[in-house]
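Structure assessment
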Number of protein chains: 2
Amino acid sequence: MLNGDTPLPLDDRGVTYGDGLFETVLVRDGQPYLWDYHMVRLLAGCQRLGIPAPARDELDPLPGRAGPGLHVFKLILTRGSGGRGYLPPASPESRLRWQYLPFAANEQRWREGVRVRHCALRLSIQPMLAGLKHLNRLENVLARREWSDPQTAEGLLCDHEGHLVEATCMNIFWRRRGVLETPRLERCGVAGTLRQALLEQLPMFEVDVGPGHLDEMEALWLGNSIQGIWPVTRLDNDEGKPLVEWKLTDVHREFQNVAQRLLGYPELPKVEKP
Amino acid sequence: MLNGDTPLPLDDRGVTYGDGLFETVLVRDGQPYLWDYHMVRLLAGCQRLGIPAPARDELDPLPGRAGPGLHVFKLILTRGSGGRGYLPPASPESRLRWQYLPFAANEQRWREGVRVRHCALRLSIQPMLAGLKHLNRLENVLARREWSDPQTAEGLLCDHEGHLVEATCMNIFWRRRGVLETPRLERCGVAGTLRQALLEQLPMFEVDVGPGHLDEMEALWLGNSIQGIWPVTRLDNDEGKPLVEWKLTDVHREFQNVAQRLLGYPELPKVEKP
């Protein structure tokens, strides 16, 4: 059988056009978390792009081979080789690759929260690709290149019309007037699997909001299905100058702990009073 | 020495994020055409994305190895492996790959012109990537999937604000009130090397125009550095219904022949009167 990490030939459409999808799945002792959410997103991506989806029978056993400990199971699915230029072959044979990468969560960021900044780059609007975890990620790369100081954990991204969308590799969540909200992702952004699970478990609403509203937020968080949820304690502008600060509260912990349970991470204790 | 077509490892950022650039160069008997234009665009892309550019000494001998006959020399340059997620490594080691693909020009399309259609997909606006021939090409793939009848040679693309930009793999040119024009490409689209050479050789202007103006055009052409220039004789809407027709004239031939000379193709004769 083919090894999951066999290199990709130069004529693979994943290489030449980013014509494919990926998933990164948290796996503990061979047990994947949010697996069904990852599979639903992958198959939705296949349908939208017209890439033949692998059978669940083929995919389901793969995370189990990660071995003991915590891993990120990374899966790449491309449209395979062939076609004439951009035109895909009439019957593409999709190509599946995967890797197991050892992982350790950043517990300090869970406990103490993170500093984030605005990115100058504006995400382009493309409803045909919005929500998918596809292989065209140059915008994320360029946004992530905007800062290098390790004190800044993430960068917030707005679209070209000024709506908050996501962070470079995480979704955004906040509480405003007592209500949990997260940006709508129908025009750009990646619809994270943790975000989807939280939308199903909690009363949380998808909204369009500009970055000017961030100082109205009672709490702001970033999260994804690998790292869990990081509370944001400080927001800087796109030059690193401070804009807003938040104090950690039990409101932060309550939301984080829903994600901790979904991902098999330990419950976080209440915030210590100074 | 490494073969040009060595497969790419799964952790190459070209594979994982489309974090790279490509060029396709027409080569006749080992002689590349518009080579300096390709190199200028490649190096401009490297600068914009922050990818270390290979030395011209390393690149210049490659087309010569294509052997006798007509080939497309395809070059892929990625940011290489490494980094933490989207963050590139501080000192990336870019990775170069290349292939020689036998090629024959479509002489019938030169002579008789082509039918094209509007695409329903709207190109997203991203000035940070506009003009570059980068590896994030899912929009082109999705646009090209909109039709499959072989009578339709290309699809015209507008951006989200309704400006004409390009075709799926070619640039657009037209004559309106006696003046040659081509769309501005500062917000999306690929700045073709043939387009650049034509802009330098001819009085041609870069403009913003909506698709509603196409029926004012006295002549419409598509072109790239591999195929040369195709006159458009019929434009359909995005459902394949005819919108505009053009008769081939010597105005078409005159423009085509500038490109024929630039690419070492034979001069096209005057249009035969019926």
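Let me begin by describing the structure that accompanies this report. None of these values were measured; they are calculated from a predicted model. (Residues numbered from 1 in each chain as written. Chains lettered and ligands numbered in written order. Predicted model: local features only at pLDDT ≥ 70, side-chain atom pairs only at ≥ 80, totals over all residues. Heavy atoms only, no water.)

1. Some details on the overall build of chain A
Secondary structure assignment for chain A yields seven helices and 13 strands. For chain A, whose C-alpha radius of gyration is 19 Å, the value lies close to the compact-globule estimate of 19 Å for 274 residues. Principal-axis analysis of the C-alpha atoms gives chain A an extent of 60 × 45 × 35 Å. Residues classed as buried in chain A amount to 59% of the 274 residues present. Taking as baseline every contact in chain A between residues at least 6 positions apart, the subset at least 24 positions apart corresponds to 71%. Accessible area of chain A: about 11400 Å², with a carbon and sulfur share of 49%. Charge centroids of chain A, computed over 33 positive and 36 negative side chains, lie 2 Å from each other. (Helix = DSSP H or I, 4+ residues; strand = E, 2+ residues; numbered from the N terminus. Rg over C-alpha atoms; globule rule 2.2 N^0.38 Å. Buried < 20%, exposed > 50% of the residue type's maximum accessible area, 1.4 Å probe, protein only. Contact = heavy atoms within 4.5 Å. Areas by Shrake-Rupley, 256 points an atom, 1.4 Å probe, with all protein chains shown as cover. Lys, Arg positive; Asp, Glu negative; His and termini not counted. Charge placed at Lys NZ, Arg CZ, Asp CG, Glu CD.)

2. A short note on the pattern of salt bridges
Evaluation of the coordinates by the stated rule reveals 32 salt bridges over all chains. A salt bridge links Asp 36 of chain A to Arg 56 of chain A; its shortest N-O distance comes to 2.9 Å. Highlighted residues: Asp 36 of chain A in helix H2 (residues 35-49) and Arg 56 of chain A in helix H3 (residues 56-59), separated in sequence by 20 residues. The exposure class assigned to Asp 36 of chain A is partly exposed, which follows from its relative accessible area of 48%. Judged by its relative accessible area of 29%, Arg 56 of chain A is partly exposed. Residue Glu 267 of chain B is joined to Arg 261 of chain B by a salt bridge in which the shortest nitrogen-to-oxygen separation is 3.0 Å. Salt bridges sharing common partners tie together Arg 13, Asp 19 and Arg 79 of chain A. (Salt bridge = Lys/Arg side-chain N within 4 Å of Asp/Glu carboxyl O.)

3. Side note on the sheet that holds strand S1 (residues 20-28) of chain A
Residue and element names in this part refer to chain A. Taken together, four strands build an open sheet; the order of strands is S2-S1-S3-S4 and the sheet is antiparallel. The sheet terminates laterally at strand S2 (31-32) and strand S4 (95-102), the two strands that pair on one side only. The pairing of S1 with S2 spans two bridges and is classified as antiparallel. Its bridge partner being in S2, Arg 28 is matched across the sheet by Gln 31. (Pairing = 2+ DSSP bridges.)

4. Considering the interface of chain A and chain B
In this assembly, 52 residues from chain A lie in contact with 52 residues from chain B. With both sides pooled, the region where chain A packs onto chain B buries about 4000 Å², and carbon together with sulfur makes up 67% of that total. Broken down residue by residue, the surface that chain A buries against chain B is led by Leu 10, Tyr 86 and Leu 138 of chain A, which jointly contribute 21%. Summed over the shared surface of chain A and chain B, the result is zero salt bridges. On the surface where chain A and chain B come into contact, there are 18 residue pairs in polar contact (both at pLDDT 80 or more). Listed by contribution, the elements that provide at least two residues to the side of chain A that touches chain B are helix H1 (13-17), H2, strand S3 (70-78), S4, strand S5 (114-123) and helix H5 (138-144) of chain A. A per-element tally of the side of chain A that touches chain B places H5 of chain A first, with six residues. (Buried area = accessible area lost by both parts, 1.4 Å probe. Polar contact = N/O pair within 3.5 Å; in protein donor to acceptor, adjacent residues only side chain to side chain.)

5. Focus: the sheet that holds strand S2 (residues 31-32) of chain B
All names here are of chain B. A sheet is described by the order of its strands in space; here four strands give the open sequence S2-S1-S3-S4, paired in antiparallel fashion. What marks the edges here is a single partner per strand, and that holds for S2 and strand S4 (95-102). As defined by bridge partners, strand S3 (residues 70-78) adjoins S4 across eight bridges and the pair is classed as antiparallel. Counterpart to Leu 75 in the pairing with S4 is Trp 98. Packing of helix H2 (residues 35-49) onto the sheet brings it into contact with strand S1 (20-28), S2 and S3, and relative to S1 it is tilted by some 175 degrees. (Axes fitted to C-alpha atoms, helices over the stretch in contact; angles between N-to-C directions.)

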